[in-house]
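Summary of structural features
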Amino acid sequence: MTTVVAEPPLVLIKVQRATARILITVARSLAIFVPVFLVATFVTFTLRALSGLTPAHSQLGEDATPEAVARIEHEWGLDQPFLVQYWHWLSDVLRGDLGRSWSNGVSVTQLIAEGLAISLSVAVLAMILGVVFGFAFGALAALRRGTWIDRSITGVLTVFSIMPPFVIGILLVEIFAVGLGWFPSGGYIPFEVGFSPWLGHLMLPALALSFDAIADVARQLRAGLVGAYSENYVTGAVVRGLSSRRIFLRHVLPNGVGPALAVLGLKFPVIIGASVVTEWIFGLQGFGRFANDAAQAGDVPEVQGVLVVSIVLVVSFNLIVNLVLGKITPASHRGV
């Protein structure tokens, strides 16, 4: 008697393949994150040891006695061997404890969380604006390629890409805050107070940071879509009599969106970095301003905390982009 082995259903096979792709993407991200994290934090510790910075200088001043300096360093564990200090700090970080500030003794995790809530709100809104307007301009330029519309969009985007965010921020304040009075000129209102005032205080700084993302996303999307239109499968779809809308949505867009999605992974750290000056202009006590103040004050625990959070943010955002890219773009499924 022959035993027939039932094959797994097609849906289960697709789920298994999708899960495998996600696990591979996560593994690749971790393979990048772990060595970068260890090297960056170790170098930071080494530079701190070579610089001779200690909390005693910020708490006691330059005229502190050697006995007082030794007492403060013992309280902070800085009299231990270098590798022991690094191991204790790394163990605390893995538990979510970034240490205490040398300046005021407050938890670095708490200080960063307060500023990060503001900066992430601005950065996420800036990325949303970059995606929405970048995709709109890029798709319109590709659909009207070679026309005056295409050339006009390309020219405007070129201007966008060369304007620094702080210049755009000043112009936005002059026009929409001072001139028209549509938005507040600065400050931050928590989301708990209300969605409308929260969004109103975020709109101008987010818009100032989004111009570069809009330009890059639009240009990459246009290039990807124009390239997809020249492929044989699009010619075949036209011969089969498929509508222009179906050709664009089913064939051109999935295969041409890859470069635009990939550039988003590069824009996120740029937006976080550019937020330092923008937060000064709009009076925001965000993550970028906190990082600048920590570096100027020589507060090593705060600087190390900024480094850890920055690496986690960049790797996490790139992981999200890679997962979306693998889901949408057919070529990525084939490892292309």
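The following refers to the structure shown. Quick caveat, the model's predicted, so the values are computed rather than measured. (Residues numbered from 1 in each chain as written. Predicted model: local features only at pLDDT ≥ 70, side-chain atom pairs only at ≥ 80, totals over all residues. Heavy atoms only, no water.)

1. Thoughts on the pattern of salt bridges
The cut-off we apply is this: Salt bridge criterion: a side-chain nitrogen from Lys or Arg within 4 Å of a carboxyl oxygen from Asp or Glu. Only protein chains enter the area calculation, which uses a 1.4 Å probe; residues under 20% of their type maximum are buried, those over 50% are exposed, and those in between are partly exposed. Secondary structure elements follow DSSP: runs of H or I no shorter than four residues count as helices, runs of E no shorter than two count as strands, and numbering proceeds from the N terminus.
Overall, the coordinates contain three salt bridges when judged by the stated rule. For R95, the salt bridge goes to D92, with nearest N and O atoms at 2.3 Å. R95 sits in the exposed class, given a relative accessible area of 62%. Assessed through its relative accessible area of 24%, D92 is described here as partly exposed. Close ionic contact of R219 with D216 constitutes a salt bridge, the shortest N to O distance being 2.6 Å. One end of the pair, R219, and the other, D216, are both in helix 8 (residues 195-229), three residues apart, so they sit about a helical turn from each other. The class for R219 is partly exposed, based on a relative accessible area of 34%.

2. A look at the packing of aromatic side chains
The line we're drawing: The aromatic pairing rule takes the rings of Phe, Tyr and Trp, using the six-membered ring of Trp, and pairs them if the centres are within 6.5 Å, calling planes under 30 degrees apart stacked, those over 60 edge-to-face and the rest tilted.
For the structure shown, the criterion picks out five aromatic pairs. When the centroid spacing of 5.8 Å and the interplanar angle of 40° are considered together, the rings of F176 and W182 count as tilted. Here F176 falls in the partly exposed class, since its relative accessible area comes to 22%. Aromatic ring contacts, followed pair by pair, group F42, Y86 and W89 into a single cluster.

3. What to know about the nonpolar core
Formally: Only buried residues count toward a nonpolar core. Its members are Ala, Val, Leu, Ile, Met, Phe, Trp, Tyr and Cys residues joined through side-chain atoms within 4.5 Å. The criterion used for residue contact is that any of the two residues' heavy atoms lie within 4.5 Å.
F37, W89 and I112 are the most contacted members of the largest nonpolar core, which has 70 residues in total. The greatest single-element share of this core, amounting to 17 residues, is contributed by helix 8. Excluding residues that lie within four positions of it along the chain, F37 makes contacts with W89, L90, V93, V308 and I311.

4. Overview of the environment of Q220
By secondary structure assignment, the location of Q220 is in helix 8. Classification of Q220 as partly exposed rests on a relative accessible area of 35%. Between the C-alpha atom of Q220 and that of V257, which follows or precedes it by 37 residues, the distance is 8.2 Å. If we ignore the near neighbours within four places in the chain, the residues touching Q220 are P259, A260 and V263.

5. A closer look at the environment of G288
Structurally, G288 can be placed in helix 12 (residues 287-297). Taking the C-alpha atoms as reference points, G288 and V306, 18 residues apart in sequence, are found 9.0 Å from one another. Other than its neighbours up to four places away in sequence, G288 contacts S119, S275, V276 and E279.

6. Some details on a nonpolar patch on the surface
This is how the line gets drawn: In this scheme, patches are assembled from residues that exceed 30% relative accessible area and form no salt bridge. Like charges are connected within 9 Å, while nonpolar side chains (Val, Leu, Ile, Met, Phe, Trp, Tyr) are connected within 5 Å. Values of accessible area rely on a 1.4 Å probe in the Shrake-Rupley scheme; residue burial ignores everything except the protein chains shown.
Together, F166, V167, I170, L171, I175, L180, W182 and V277 give the surface a local cluster of nonpolar side chains, amounting to about 730 Å² of exposed area. Ranked by the residues each element gives to the nonpolar patch, the list is headed by helix 7 (residues 165-179), at five residues. With respect to the element layout, W182 can be found in the loop between helix 7 and helix 8. According to the relative accessible area criterion, W182 is exposed, its value standing at 58%.

7. Describing the packing of helix 5 (residues 108-143) against helix 6 (residues 148-162)
Rule in force here: In this description, a line fitted to the C-alpha atoms serves as the axis of each element, helices being fitted only across the stretch in contact, and the angle between N-to-C directions of two axes falls anywhere from 0 to 180 degrees. Note: crossing handedness is left-handed where the near helix turns anticlockwise from the far helix by less than a right angle, and right-handed where it turns clockwise. Three categories are distinguished: nonpolar for Ala, Val, Leu, Ile, Met, Phe, Trp, Tyr, Cys and Pro, charged for Asp, Glu, Lys and Arg, and polar for the others, with Gly belonging to the last.
Running from amino to carboxyl end, helix 5 crosses helix 6 at an angle of 145°, the nearest separation of the two axes being 8 Å. With respect to the hand of their crossing, helix 5 and helix 6 are arranged in left-handed fashion. On helix 6, the residues touching F137, L140 and A141 of helix 5 are I149, D150, I153 and L157. Taken together, the residues that form the contact of helix 5 with helix 6 break down as six nonpolar, no polar and one charged.

8. Points about the packing of helix 6 against helix 8
Our working rule: Oblique is the label for every angle not falling under 35 degrees (roughly parallel), over 145 degrees (roughly antiparallel), or within 65 to 115 degrees (roughly perpendicular).
The geometry of helix 6 relative to helix 8 is characterised by a closest axis approach of 8 Å and an angle of 140° between their N-to-C directions. The orientation of helix 6 relative to helix 8 falls into the category oblique. Between helix 6 and helix 8 the crossing geometry is left-handed. For the pair helix 6 and helix 8, contact is made by D150, T154, L157, F160 and S161 and by F211, D212, I214, A215, A218, R219 and R222, respectively. Here the contact of helix 6 with helix 8 is composed, by residue class, of six nonpolar, two polar and four charged.

9. Things to note about helix 12
All buried positions along helix 12 are accounted for by F287, G288, R289, F290 and A294. Backbone geometry just downstream of helix 12 places G298 in the positive-phi region, at approximately 70°.

10. Quick notes on the environment of Y86
Topologically, Y86 is positioned in helix 4 (residues 82-94). Along the chain, Y86 and F45 lie 41 residues apart, while their C-alpha atoms are 7.1 Å from each other. For Y86, the contacting residues outside a window of four places in its chain are L38, T41, F42 and F45.

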